[in-house]
Amino acid sequence: MLAPEVENLILKYLSKQATAQELDSLLDWILIGDNERIFDGYVQLHLEIITLMNGPDIDKIKNHLLQGIKRDKFRKSVGRAMKYAAVGVLFLTLGNFYQQGRFSKIGPSGLVPKEESITITLDNGTIETLGIDENKVVRDAEGNIIGTHNKSKLTYTGVSKGEELVYNTLNIPYGKQFDVVLSDGTHVFLNSGTSLRYPVTFIKGKDRTVFLSGEAYFEVAKDEGHPFVVDANEIQIEVLGTKFNVSRYPEDSNINTVLVEGSIELQIKGNDATLSVPTLLEPGYKAEWQKEEIGIMVQNVETELYTAWMQGKLVFRNTRFKEIRKILERRYSVTIINKDPVLDEQLYDATFDIETIDQVLESFSKSYDIEYVIVNNEVIIT
């Protein structure tokens, strides 16, 4: 049954009375769990009323409502965006809500995302490509079958015949995502621009350690006798069985871990004794470490906002434009160059899912006073 406060949000949106904060709340609710299906059911149940407002096609109505919520929320979020300056913080006024043409495009369009292949590096250094439309068995350097490749998922089934760990490395380029099920049953979802090094098979008596660069969501198979360790270079995360998201891109200034289920222990790697105290994380919390700092900051968060990428969604909440640029580059495999340092510190709210990069830029084009050109297949903000 739909909660009264959620139903009220939907009705306020339909009557065009929703505020920016209410649009935030409605779209965040839709992103959580099975709520999009509940939203569909509400539309179906109230088809007669909504049809009078929007027309007879229920699919078009539903898509129109979802896109409308995102579009209206995105536009109204301009009023809550913050600009940083040398002397302080400037809050944009409500008068900015309906400004048009502030992000104008100059010159020819036609941005074409770069196309790169997913690759796997075997223990002997051999590099093979993995097509997302392929179905085949996977063999080790000696030709033994160790797993199967089914489209965008790689599953390891091999049994160790030795006492030494043998590693493979998956490299996921910008613009693509991939899944891998390790030999212990641990399921790892890999985001764009991610590299994961892992044992082909785990060996009894040894920790289950994998090495991550980029972003991944882990559903770890429980094995009390063999802790699972994610080595994210400067941070080490140890678990027994749990679900969590780790984001550790080399170019980012921070590493964050969001715990969905279970418990994990994080430790900063280093020789300084002050860095040796581990941090325990509970479900619903995010641990963030700034690479230039000593301590780890822990805060309560909506975990769905940090795992939405697995459903192909991009959710930005109070996010610096600099970070948005990086995420768009990874998601769409494009290059975005910004020559305005002030803009990079500006904060925005936005949500995208099925949009192309051109549509994302168009969304910005209706809200912000920024000029950009497309030169040699690169977006340059001037």
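Residues numbered from 1 in each chain as written. Predicted model: local features only at pLDDT ≥ 70, side-chain atom pairs only at ≥ 80, totals over all residues. Heavy atoms only, no water.

Asks: Mind laying out the confidence of the model for the protein chain, listing which residues take part and the relevant values?
Replies: Averaged over all residues, the pLDDT of the protein chain equals 79, while 76% of them reach at least 70. Least confident of the elements in the protein chain is strand β2 (residues 88-91), whose mean pLDDT is 20; most confident is strand β11 (residues 187-190), at 98. Low pLDDT (under 50) marks residues 54-58, which in the prediction has eight contacts with non-local residues, meaning those over four places away or in another chain. Counted against residues more than four places away or in other chains, residues 71-108, with its pLDDT under 50, gives 91 contacts. (pLDDT = per-residue confidence, 0-100. Helix = DSSP H or I, 4+ residues; strand = E, 2+ residues; numbered from the N terminus. Contact = heavy atoms within 4.5 Å.)

Asks: Describe the pairing of strand β21 (residues 297-300), with residues and values.
Replies: Pairing between strand β20 (residues 285-290) and β21: four bridges, direction antiparallel. Across the sheet, the residue bridging to K286 is Q299, located in β21. Joining the antiparallel neighbours β20 and β21 is a turn of six residues. (Pairing = 2+ DSSP bridges.)

Asks: Could you give an account of unusual backbone geometry, naming the residues involved and the relevant values?
Replies: The phi torsion at N318 lies on the positive side, around 55°, for a residue other than glycine. Within the fold, N318 resides in strand β22 (residues 314-320). Using a relative accessible area of 49% as the deciding quantity, one classes N318 as partly exposed. In this model, N377 sits at a positive phi of 65°, which is unusual for a non-glycine residue. Checked against the element boundaries, N377 lands in the loop between β25 (370-375) and β26 (378-381). On the basis of relative accessibility, which here comes to 26%, the residue N377 falls in the partly exposed class. (Buried < 20%, exposed > 50% of the residue type's maximum accessible area, 1.4 Å probe, protein only.)

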